Amino acid sequence: MGKEECKTMLDALNKVTACYRHLVITLGSTSDSQNLREELKKTRKKAQELATANRTKLTALLKDKTISKDDRTEYERLWVLFSSSMELLDVDMKRSLEIGQDFPLKVPTRHLIQTGMTGSTTTVAARAMSVQNMKYEADSNIDTADLKELQTEITQVGQMMEEMEMKVQVAPWAVEAKQEAGAELKSTVSVGNSSVGVISICEEEPKDVDGEPGLMKVFAGIIFTVIVLIAGILAYCVINLS
């Protein structure tokens, strides 16, 4: 049950961090608003809660000397994935702080870029955090107070990452992947309807069957040879007649 629980917790963290990245992209754009800032705040707090739970669970399992070699290998792989999610969260939180400082809500006409997005982003945040509806309380001071809180949380996330490296020493380059690179692009993914759009995955190209491509190549070579011979005969005739 330990591995399945870890995978479930890590999957939840990945979904929330992906949602947070999507929301950060809209900062400073025509979709920026007080509701967006509230969504960012709630989403990053949810991500930090999941990160703490993942760290506690994986740290305890990796420190257990009684687990088998195969289980340790799997937990190390999950630890590397968890570390990657934490690094992405840290980067996006810092980006959110920088953009939030450069594009305060007090100057609503100052936009970073026309992203083309319209409407509320509440649906995206609610889907990531398994909440039917997300309502936000009016907070006129969110433009400044939340940025100070965000700065503190960035420091806390950085400290968490340092503690992770000290408590559990797992070399990322020593962990082997369980599937080939790009395997996720070949799988069938269903993402449902969302304001982000529908992700389309290219299917695999059909493989050769019963050597048919080989026969086609031989046939094409014969046709090419015949065409060259006919062209040579025509050229000979033209030269002699002239």
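Let us look at the structure shown here.

**Brief notes about the packing of helix H2 (residues 34–63) against helix H3 (residues 69–102)**
Stage number 1. One way to put it is that H2 packs onto H3 with a least axis distance of 10 Å and a crossing angle of 155 degrees. Taken as axis vectors, H2 and H3 run roughly antiparallel relative to one another. H2 and H3 meet at a crossing whose hand is left-handed. Residue-level contacts link Arg37, Leu40, Arg44, Ala47, Gln48, Ala51, Asn54, Arg55, Leu58, Thr59, Leu61 and Leu62 of H2 to Arg72, Tyr75, Glu76, Leu78, Trp79, Phe82, Met86, Leu89, Met93, Ser96 and Gly100 of H3.
Stage number 2. Taken together, the residues of the contact of H2 with H3 sort by class into 13 nonpolar, five polar and five charged.

**Considerations on a nonpolar patch on the surface**
Stage number 1. A contiguous nonpolar patch, built from Ile222, Val226, Ile230 and Leu234 and spanning about 370 Å² of accessible area, is present on the exposed surface.
Stage number 2. Looking at the element boundaries, Val226 is found in helix H7 (residues 212–241).
Stage number 3. Since its relative accessible area comes to 43%, Val226 is described here as partly exposed.

**Quick word on empty space enclosed by the protein**
Stage number 1. One pass over the structure, following the stated rule, counts one cavity of 30 Å³ or more.
Stage number 2. Lining of the largest cavity is provided by ten residues; of these, Arg37, Leu40, Ser96, Asp146 and Leu147 occupy positions nearest its centre.
Stage number 3. Of all the elements in the fold, those that place two or more residues in the lining of the largest cavity are H2, H3 and helix H5 (142–167).
Stage number 4. Looking at the lining of the largest cavity, the element that brings in the most residues is H5, giving four residues.
Stage number 5. The residue makeup of the lining of the largest cavity, split by class, is five nonpolar, two polar and three charged.

**Considering the environment of Val24**
Stage number 1. By the element assignment, Val24 lies in helix H1 (residues 2–25).
Stage number 2. Taking the C-alpha atoms as reference points, Val24 and Leu36, twelve residues apart in sequence, are found 9.0 Å from one another.
Stage number 3. The residues contacting Val24, other than those within four sequence positions of it, are Leu40, Asp92, Arg95, Ser96 and Ile99.

**Structural notes on the packing of aromatic side chains**
Stage number 1. Following the criterion strictly, the structure yields one aromatic pair and no others.
Stage number 2. Both rings, one in Trp79 and one in Phe82, keep their centres 5.7 Å apart while their planes meet at 65 degrees; by these two values the pair is edge-to-face. Linking Trp79 with Phe82, this pair stays in helix H3, spanning three residues, or about one helical turn.
Stage number 3. Judged by relative accessible area, Trp79 falls into the buried class, the value being 3%.

**Details of the pattern of salt bridges**
Stage number 1. Evaluation of the coordinates by the stated rule reveals 15 salt bridges.
Stage number 2. Lys41 serves as the salt-bridge partner of Glu149, at 3.8 Å between the closest nitrogen and oxygen. Separated by 108 residues along the polypeptide, Glu149 in helix H5 and Lys41 in helix H2 bring together distant segments of the chain.
Stage number 3. Salt-bridge contacts for Lys45 lead to Glu149; the nearest nitrogen and oxygen are separated by 2.6 Å. Here Lys45, found in helix H2, pairs with Glu149, found in helix H5; they are 104 residues apart in sequence, far enough to count as distant.
Stage number 4. The network of salt bridges with common partners includes Lys41, Arg44, Lys45, Asp146, Glu149 and Glu153.

**Here we look at the nonpolar core**
Stage number 1. One finds Tyr20, Leu40, Tyr75, Trp79, Phe82, Met86 and Met93 to be the most contacted residues of the largest nonpolar core, which totals 36 residues.
Stage number 2. Residue assignment for this core shows that the elements contributing at least two residues are H1, H2, H3 and H5.
Stage number 3. At nine residues, the largest contribution of residues to this core is made by H3.
Stage number 4. Apart from the residues within four sequence positions on either side, Met93 is in contact with Tyr20, Arg44, Gln48, Leu150, Glu153, Ile154 and Val157.

**A word on the environment of Val91**
Stage number 1. Here Val91 is to be found in helix H3.
Stage number 2. C-alpha of Val91 to C-alpha of Ile154: the two residues are 63 residues apart in sequence and 9.2 Å apart in space.

**Some words on the packing of H1 against H3**
Stage number 1. Orientation of H1 relative to H3, taken along the N-to-C sense of each, is 20 degrees, at an axis distance of 10 Å. Taken together, the axes of H1 and H3 lie roughly parallel to each other. Both H1 and H3 take part in a crossing whose hand is left-handed.
Stage number 2. Residues of the contact of H1 with H3, tallied by class, amount to 13 nonpolar, five polar and eight charged.

Each value, and the rule that gives it
- Residue positions are given per chain, counting from 1 as you read along its sequence in written order.
- Only residues with pLDDT of at least 70 are given local features in this predicted model, and only at 80 or more are side-chain atom pairs given and counted; all residues enter the totals for whole chains, interfaces and linings.
- Each side-chain value is derived from all of the structure's non-hydrogen atoms; neither hydrogens nor water enter the calculation.
- Every axis in this analysis is a line fitted to C-alpha atoms, fitted for helices over the stretch in contact. Angles between the N-to-C directions lie between 0 and 180 degrees.
- Secondary structure counts use DSSP, requiring at least four H or I residues in a row for a helix and at least two E residues in a row for a strand, with both numbered from the N terminus.
- Comment on the angle field: the value is read as roughly parallel under 35 degrees, roughly antiparallel over 145, roughly perpendicular from 65 to 115, and oblique elsewhere.
- Left-handed describes a crossing whose near helix is turned anticlockwise from the far helix by less than a right angle; the clockwise case is right-handed.
- Two residues qualify as a contact provided that any one of their heavy atoms is within 4.5 Å of a heavy atom in the partner residue.
- Put simply, Ala, Val, Leu, Ile, Met, Phe, Trp, Tyr, Cys and Pro go in the nonpolar bin, Asp, Glu, Lys and Arg in the charged bin, and everything else, Gly too, in the polar bin.
- Any residue with relative accessible area above 30% and no salt bridge may belong to a patch, with like charges joined within 9 Å and the nonpolar Val, Leu, Ile, Met, Phe, Trp and Tyr side chains within 5 Å.
- Only the protein chains shown count as cover for residues, and all accessible areas are computed by the Shrake-Rupley method using a 1.4 Å probe.
- Counted as salt bridges are all cases of a side-chain nitrogen of Lys or Arg within 4 Å of a carboxyl oxygen of Asp or Glu.
- Burial here depends on accessible area, computed with a 1.4 Å probe over protein chains only, as a share of the maximum for the residue type. Under 20% is buried, over 50% is exposed, and the range in between is partly exposed.
- Note on definitions: the grid is 1 Å and covers protein atoms alone; a cavity is a set of points where a 1.4 Å probe fits but cannot get out; a pocket is an open set with protein on both sides within 12 Å along at least five of seven lines; lining residues have an atom within 4 Å of a point.
- Grid points are joined across faces, edges and corners, and a volume is the space filled by probe spheres set on the points.
- Put simply, two rings from Phe, Tyr or Trp (the six-membered ring, in Trp's case) pair if the centres are within 6.5 Å, and we call them stacked under 30 degrees between planes, edge-to-face over 60, tilted for the rest.
- Nonpolar cores were defined as sets of buried Ala, Val, Leu, Ile, Met, Phe, Trp, Tyr and Cys residues, with membership established by side-chain atoms within 4.5 Å.

Geometry only, nothing functional implied.
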